[in-house]
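This is what each chain is made of:
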Amino acid sequence: METGSDMCYGRGRDARGCNSLLSSHILRREQSLNLCSYLSRQRNAIIDEWVDQLSQTVSDRYRKINPVELRRTVALAYDGNYSVLCNHDWQPIEKFIVLITRMRLERGFSLSEVQKAFGIFRIIMLNRLPLIFQGEELVNALLVVNHSVDVTINRFSEYFQGKHEEEMQNLLESLEEKVDQRTEQLLSSEKRYRTLVEDISDGYFVCRDELLIFANRALGEMLGRSPGELVGRECEHFFAGIGEQFARIGDRGVFEIEARRCDDSQFPVEIEINRVRYDGCPALAGVCRDISERRKTARKELEHERLLVIGRMATVFAHEIRNSLSSIKVNVRILQRRLGLSANDTRRMEIILRDIEKLDQLLRDTLLFSRCLELSPHWCDLNQLAEQAVQRFSELCAVHKIKVRLELDEMVPELKLDEKSMEIVFDNLLSNAISALQEVERRELIVTSAFRPASDRKSGIVAFTVADSGSGIPEAERERIFEPFFSTRENGIGLGLSNVMRVVEQHNGVIRVDVGPAGGAVFTVSLPWQNETE
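What you see is a predicted model; the values in this text were computed from it and never measured.

A. Examining the overall build of the protein chain more closely. Along the backbone of the protein chain there are 20 helices and 12 strands. Within the span of the protein chain, comprising 534 residues, buried residues form 42% of the whole. Across the protein chain, the fraction of contacts at a sequence separation of at least 24, relative to all contacts at a separation of at least 6, is 62%. Of the roughly 30200 Å² of accessible surface on the protein chain, a fraction of 50% belongs to carbon and sulfur atoms.

Right, here's the structure in full:
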């Protein structure tokens, strides 16, 4: 293996080129060590997140797997990925591919389900790495992770498909060899073959002269028709442009194309075609997979990269604008004190200062959204934070005649929190509630806290709510309320609640919004508590 020194000495490179090459080699090695150190430290946390996402997002089959077994297989997958990324050793992941192929085929899993399971590691890394690394180090880390996952999925897909095709091909060859001599056995084998094809999760079809002569149940469900409605129809009717693809392939080929459902809606599919003999005559056998989710994942990855660039730009612009606003604000205050202004001019100055404060808040939200959260947690009294937040808004509530009620549970224990970031959570929720109450006659704001200990009293959940008697939030808007840049206010930019969710999730908590018993919005934040004194 060639080292940085080997690449320089003895090959006619000048000193400057050698130094540059050695520096680049050392930097990549240090970045790799940083990534490996992070993966080693976060092993259990990432495995737990991977298991949770498998159970919640992939399919019902994964939800039915015993949690202990699922975590054991995910741990093997994680260790295999770590070996590739940090040791450049593919042997562990290759062994895992053989193991998981056997396990998933035995339980009837489709290729796309297991591909999604492998791909979750990439999604987790795309969400986590920008919080740890920056700049070139982040780009390199994302590239090696993305490459490792792509190669792993491709190797798995080839092995999985190979096993599947091996079974199919063996069966087809057996049918062909025995057709003349043992007709009765041929019919029995064909029956077994059709049962196998009907039971696989991917769409399977056979065509000859561009007409479908066989389609399994999965393909029918994919296209919104029964298999009988597909047989005898032109392939072109269901797959736009497939005839051109048939003309291009040799003995086998893989291509992506648009499929058409019975309602004429279209969706992307991947088709793998093989030339076979069916009923003793040449034919084309194809496996069809819906790749809509794969396309969505790719779009999300591109959107994530775009937001990273926007975040960097926003940080630069926001810093410069805030500096100018601070200067304007200071000079307006000086002019207020030195000039003898009339009442109207004084009000104009206050309007200027109020708008400056509004712009400054907008920039603070933008800066918070665009950079990684750096938490410094320590033991805090959540009830005290709630009281202080209400006190900060007491004058504004009095101006708008809002009745504030605190219902704090004295049994709430201290939590390890980042106090400044939790102030952002309280301030945003209270500010939103006050804005909503200005539009109604009955104005009531309730802040509550509660503690739900576990049976062993060693852990539990601390929850607090901010509820208002406003007009509430429509269901369609509740589903998007925490999305970045989604706002129900006329002049809002939609970062406040997005930042709230980021802070809560960084504390391993969850936030939800509901409709109160008498209407209005109820925001509930639930945070985990662990007794660390024992």
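B. Structural view of the environment of N428. Position of N428 among the secondary structure elements: in helix α18 (residues 419-437). Other than its neighbours up to four places away in sequence, N428 contacts G496 and V500. At a separation of 3.0 Å, a polar atom in the side chain of N428 contacts the main-chain carbonyl oxygen of I424.

C. Fine view of the sheet that holds strand β12 (residues 521-530). Ordered by their spatial adjacency, five strands build an open sheet running β7-β9-β10-β12-β11, and the pairing between neighbours is mixed. Strands at the two margins of the open sheet, each flanked by one partner only, are β7 (403-407) and β11 (510-515). Across this sheet, the average inter-strand angle for adjacent strands is 15 degrees, counted without regard to direction. Sheet topology places strand β10 (residues 459-468) next to β12; nine bridges connect them, and they run antiparallel. Each residue of the ladder has a partner; that of T465, found in β12, is T524. Docked against the sheet, α18 engages β9 (444-453), β10 and β12, running at close to 30 degrees with respect to β10.

D. Summary view of the pattern of salt bridges. In total, this model carries 25 salt bridges according to the counting rule given. R155 serves as the salt-bridge partner of E94, at 2.5 Å between the closest nitrogen and oxygen. Highlighted residues: E94 in helix α6 (residues 91-106) and R155 in helix α8 (residues 135-178), separated in sequence by 61 residues. Among the residues examined, R155 registers a relative accessible area of 30% and is labelled partly exposed. When the shortest N-O distance is used, the salt bridge between R294 and E256 registers 3.7 Å. Within this pair, whereas R294 is found in helix α14 (residues 292-338), its partner E256 is found in strand β3 (residues 252-260), the two being separated by 38 residues in sequence. One network of salt bridges, with partners in common, ties together D202, R252, E256, E270, E272, R289, R294 and R295.

E. Local environment of a negative patch on the surface. Together, D209, E210, E234 and E236 make up a negatively charged patch on the protein surface. With respect to the helices, strands and loops of the structure, E236 is situated in helix α12 (residues 235-238).

F. Just the environment of N140, in detail. Along the chain, N140 falls in helix α8. The class of N140 is partly exposed, set by a relative accessible area of 22%. When the C-alpha positions of N140 and L35 are compared, they lie 9.6 Å apart, and in sequence the two are 105 residues distant.

G. Region of the structure containing the nonpolar core. Ranked by size, the top nonpolar core spans 45 residues in total, and within it L39, W50, L54, Y62, F121 and L129 carry the most contacts. Every element with two or more residues in this core is listed here: α2 (15-41), α3 (43-58), α5 (67-87), α6, α7 (111-132) and α8. The element contributing the most residues to this core is α7, with 10 residues. Residues C397, M422, A433 and V447 belong to the second largest nonpolar core, which totals 42 residues.

H. Expanded view of the sheet that holds β3. On the basis of which strands lie adjacent, the open sheet formed by five strands has the order β2-β1-β5-β4-β3 and antiparallel pairing. Of all strands in the sheet, those with a lone pairing partner are β2 (211-215) and β3, marking the two edges. Here the strands of the sheet are splayed against their neighbours by 35 degrees on average, with no regard to which way each runs. For strand β1 (residues 203-208) and β2, the ladder comprises four bridges, and the chain directions are antiparallel. Bridging across to β2, V206 finds its partner in F214.

I. Local environment of unusual backbone geometry. Of note, D264 is a non-glycine position whose phi angle comes to about 70 degrees, a positive value. Mapped onto the elements of the fold, D264 is located in the loop between β3 and β4 (266-278). Judged by its relative accessible area of 57%, D264 falls in the exposed class.

J. The arrangement of the state of the cysteines in detail. This structure, assessed with the given rule, holds one disulfide. There is a disulfide in this structure between C36 and C86, and the S-S distance comes to 2.1 Å. Between C36 and C86, the S-S torsion sits near -115 degrees, and that sign places the bridge as left-handed. In this pair, C36 is assigned in helix α2 and C86 in helix α5, connecting sequence segments 50 residues apart. There is no split in this pair, since C36 and C86 are both buried.

K. Representation of the side chain of S110 in the model. Relative to the elements of secondary structure, S110 occurs in the loop between α6 and α7. A polar contact of 3.1 Å, which involves the side chain of S110, links it to the side chain of S112.

L. Focus on the packing of α3 against α5. Between α3 and α5, whose axes approach to 9 Å, the crossing angle comes to 125 degrees. Regarding the angle of α3 to α5, the classification is oblique. You can see that α3 and α5 cross each other, and the crossing is right-handed. Residues R43, N44, I46, I47, D48, W50, V51, L54 and S55 of α3 pack against L70, R71, V74, A75, A77, Y78, D79 and N81 of α5. Broken down by class, the residue content of the contact of α3 with α5 amounts to 10 nonpolar, three polar and four charged.

The rules we used
Residues numbered from 1 in each chain as written. Predicted model: local features only at pLDDT ≥ 70, side-chain atom pairs only at ≥ 80, totals over all residues. Heavy atoms only, no water. Helix = DSSP H or I, 4+ residues; strand = E, 2+ residues; numbered from the N terminus. Buried < 20%, exposed > 50% of the residue type's maximum accessible area, 1.4 Å probe, protein only. Contact = heavy atoms within 4.5 Å. Areas by Shrake-Rupley, 256 points an atom, 1.4 Å probe, with all protein chains shown as cover. Polar contact = N/O pair within 3.5 Å; in protein donor to acceptor, adjacent residues only side chain to side chain. Pairing = 2+ DSSP bridges. Axes fitted to C-alpha atoms, helices over the stretch in contact; angles between N-to-C directions. Salt bridge = Lys/Arg side-chain N within 4 Å of Asp/Glu carboxyl O. Patch = residues over 30% accessible without salt bridge, like charges linked within 9 Å, V, L, I, M, F, W, Y side chains within 5 Å. Lys, Arg positive; Asp, Glu negative; His and termini not counted. Charge placed at Lys NZ, Arg CZ, Asp CG, Glu CD. Core = buried A, V, L, I, M, F, W, Y, C linked by side-chain atoms within 4.5 Å. Disulfide = S-S within 2.5 Å. Parallel < 35°, antiparallel > 145°, perpendicular 65-115°, else oblique. Left-handed = near helix turned anticlockwise from the far one by under 90°. Nonpolar A, V, L, I, M, F, W, Y, C, P; charged D, E, K, R; others polar.

Take it as geometry only, folks, not as evidence of what the structure does.
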